[in-house]
Number of protein chains: 2
Amino acid sequence: MKKGGPLLYRGKAKSVYLTDNPEEVSVEFRDDITAFDGEKSAVLEDKGVYNAAVSSFFFEYLEIHGVKTHYIHMLDRRTMLVRRLSMIPLEIIVRNIAAGSIVKKYPFTEGQVLKPTVMVIDYKDDARHDPMINDDIIFALGLVTREELLTMRKMALKVNDLLRTYLAGLSISLVDFKMEFGRYRSEILVGDELSMDSMRLWDGKTRDSLDKDVYRFDKGDVRTTYAAVAERITPGALHRFEAEKTVFSGGGQE
Amino acid sequence: MKKGGPLLYRGKAKSVYLTDNPEEVSVEFRDDITAFDGEKSAVLEDKGVYNAAVSSFFFEYLEIHGVKTHYIHMLDRRTMLVRRLSMIPLEIIVRNIAAGSIVKKYPFTEGQVLKPTVMVIDYKDDARHDPMINDDIIFALGLVTREELLTMRKMALKVNDLLRTYLAGLSISLVDFKMEFGRYRSEILVGDELSMDSMRLWDGKTRDSLDKDVYRFDKGDVRTTYAAVAERITPGALHRFEAEKTVFSGGGQE
């Protein structure tokens, strides 16, 4: 298996590379971390490894429980081989507990349990700062069909149930998380990542942040937090590629 | 009929007064006009009269066609007697053609016909700048029941059909409009106003703005536009209170 071909796309924290197979790409979790629409940024050693471990663990977990994702397998400790999706430019945010932007925008109290579970959909467009969108606008823009949106909503709620339950067993509260979907052949698959960058996780007892909020709001040592959370969520998984310390370099035509 | 008692609420362009009947209030359409979250404001002689004429005309038109509103009757040319509602803090915006904020927020072209018709709901909260909201958040905040929201959506679409058809007959395009609802006894009624301040209207031929955009974007003489539109929409109605030139003063305990 060749690990990476030409760079296809470089995001804020991940790089996507072509592979020999036109239906597969490899996703490298870099050590970059950004917040506040890119206004704050840093490089934290091995941060990409921790996010890759958690993402791969969750994708495998979802697949086992019948949720289809883009995940195939890991290539090295920070690189994931995935099905190449035609990405849908929507961010599906599922919120179980009020925290972050929803508390600023509406009269919720930080920590308030949300009943019902709140799903918010943002239109993924950096230049427009990912505005919140609704079903009518999604259809008027022709982004997905009604059937596809229904599928995405159902999948997002199922992912929420699965992850919330799994994390509760570790005494971690799944406060909220963000998902992205894409089309593969004629199916909708979960894409992107499921990591400390895209979730808000609180320790069940101390309520300490176990996610990017530690970086956003300078709540402690981010690297230590990410390492501990990855170890807690994915027991043993971090050591899977221990032998292979070569960081995937990617990029460049060979 | 006593026209007005103590001031109950003073909004940006209307004042609401108590009456002898605890289930009724009077709404005075003032000559104030504001835009951009109150950043721009002016006083335009008789502007309130034009908006009151159009609002009362539309409320009567809706009632005739089976849509229940707060409207009872006019007290003078700028004052409306209405049922006192318990207002629901939501703004229901119905958009037939892309214009204004939706063109800035999403990749629509100004003037693009929206398919389907787009409904957007904003949470009415000046301090929070009326953020867009969705059904899940509405329910999590306990603002309305599922049944009430469904009723509001159905009423808004019916109002859109009725007004769009009526205005099309005058060669006026109903680009978009904003509605508010309230509870009266156990019913949901259309409240607030339906005027050039809350609608975006374009001349069917010239596409000239016939609404508050003339004020927002300095497109011409606002007073002349409002007077002409009111005369066009409500033939004869402006002269109903011609004899009674006394402007309702309201306010103050008697």
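Residues numbered from 1 in each chain as written. Chains lettered and ligands numbered in written order. Predicted model: local features only at pLDDT ≥ 70, side-chain atom pairs only at ≥ 80, totals over all residues. Heavy atoms only, no water.

Novice: In this structure, what is going on with the side chain of Asp-211 of chain B? I would like to understand it.
Specialist: All names here are of chain B. Within the element layout of this structure, Asp-211 appears in the loop between strand E15 (199-203) and helix H5 (213-216). No salt bridge is formed by the buried Asp-211; its nearest oppositely charged neighbour, Arg-216, is found at 4.6 Å. Reaching out from Asp-211, the side chain makes a polar contact with the backbone nitrogen of Asp-213 at a distance of 2.6 Å. Excluding anything up to four places from it in sequence, Asp-211 contacts Met-196, Met-199, Arg-200, Leu-201, Thr-225 and Tyr-226. (Helix = DSSP H or I, 4+ residues; strand = E, 2+ residues; numbered from the N terminus. Buried < 20%, exposed > 50% of the residue type's maximum accessible area, 1.4 Å probe, protein only. Lys, Arg positive; Asp, Glu negative; His and termini not counted. Salt bridge = Lys/Arg side-chain N within 4 Å of Asp/Glu carboxyl O. Polar contact = N/O pair within 3.5 Å; in protein donor to acceptor, adjacent residues only side chain to side chain. Contact = heavy atoms within 4.5 Å.)

Novice: What am I meant to see in the sheet that holds strand E1 (residues 7-10) of chain B here?
Specialist: Backbone hydrogen bonds hold the strands of a sheet together, and the pairing may be parallel or antiparallel. Residue and element names in this part refer to chain B. One open sheet accounts for five strands, arranged E1-E2-E3-E7-E6; its pairing is antiparallel. The open sheet terminates on both sides in strands that have one partner only, identified here as E1 and strand E6 (71-76). Neighbour-to-neighbour, the strand axes of this sheet turn through a mean angle of 25 degrees, independent of strand direction. Sheet topology note: the strand E2 (residues 14-18)/strand E3 (residues 24-29) ladder contains five bridges and is antiparallel. Considered in E3, the bridge of Tyr-17 is made with Ser-26. (Pairing = 2+ DSSP bridges. Axes fitted to C-alpha atoms, helices over the stretch in contact; angles between N-to-C directions.)

Novice: So what exactly am I meant to see when it comes to the domain arrangement of chain A here?
Specialist: Note: interface size is frequently given as the accessible area lost on complex formation between the parts. Residue and element names in this part refer to chain A. Partitioning chain A into domains gives domain 1 (7-85 + 229-248) and domain 2 (86-203). Centre-to-centre, using C-alpha coordinates, domain 1 lies 19 Å away from domain 2. On the domain 2 side, the residues contacting the 31 residues of domain 1 number 31 residues. Summing both sides of the interface, domain 1 and domain 2 together bury roughly 2,700 Å²; the carbon and sulfur share of this comes to 61%. At the boundary of domain 1 with domain 2, the tally comes to seven salt bridges. Between Lys-14 and Glu-193 there is a salt bridge, with the nearest N and O atoms lying 2.6 Å from each other. (Domains from an automatic or database assignment. Buried area = accessible area lost by both parts, 1.4 Å probe.)

Novice: Sorry if this is basic, but what is going on with the interface of chain A and chain B here?
Specialist: Every contact between the two is made by 27 residues of chain A and, on the other side, 25 residues of chain B. For the chain A and chain B pair, buried surface summed over both sides reaches about 2,200 Å², with 66% attributable to carbon and sulfur atoms. Viewed at the interface, chain B and chain A are joined by zero salt bridges. Joining chain A to chain B, the criterion identifies eight residue pairs in polar contact (both at pLDDT 80 or more). The set of elements that each furnish at least two residues to the side of chain A that touches chain B consists of helix H2 (101-105), strand E10 (113-123), strand E11 (132-133) and helix H3 (135-140) of chain A. Ranked by residue count, the leading element in the side of chain A that touches chain B is E10 of chain A, at eight residues. Its residues assigned to classes, the side of chain A that touches chain B shows 18 nonpolar, three polar and six charged. (Nonpolar A, V, L, I, M, F, W, Y, C, P; charged D, E, K, R; others polar.)

Novice: What exactly am I supposed to notice about the sheet that holds strand E13 (residues 181-184) of chain A here?
Specialist: Residues and elements named next belong to chain A. Judged by pairing direction, the sheet is antiparallel, and its three strands sit side by side in the order E8-E13-E14 without closing on themselves. Since the sheet does not close on itself, it has two edges, and those belong to strand E8 (86-87) and strand E14 (187-190), each with one partner. Pairing of E13 with E14, which is carried by four bridges, proceeds in the antiparallel orientation. The partner of Arg-183 across the bridge, within E14, is Ile-188. Along the sheet, helix H4 (residues 146-168) makes contact with E13 and E14, crossing E14 at roughly 30 degrees.

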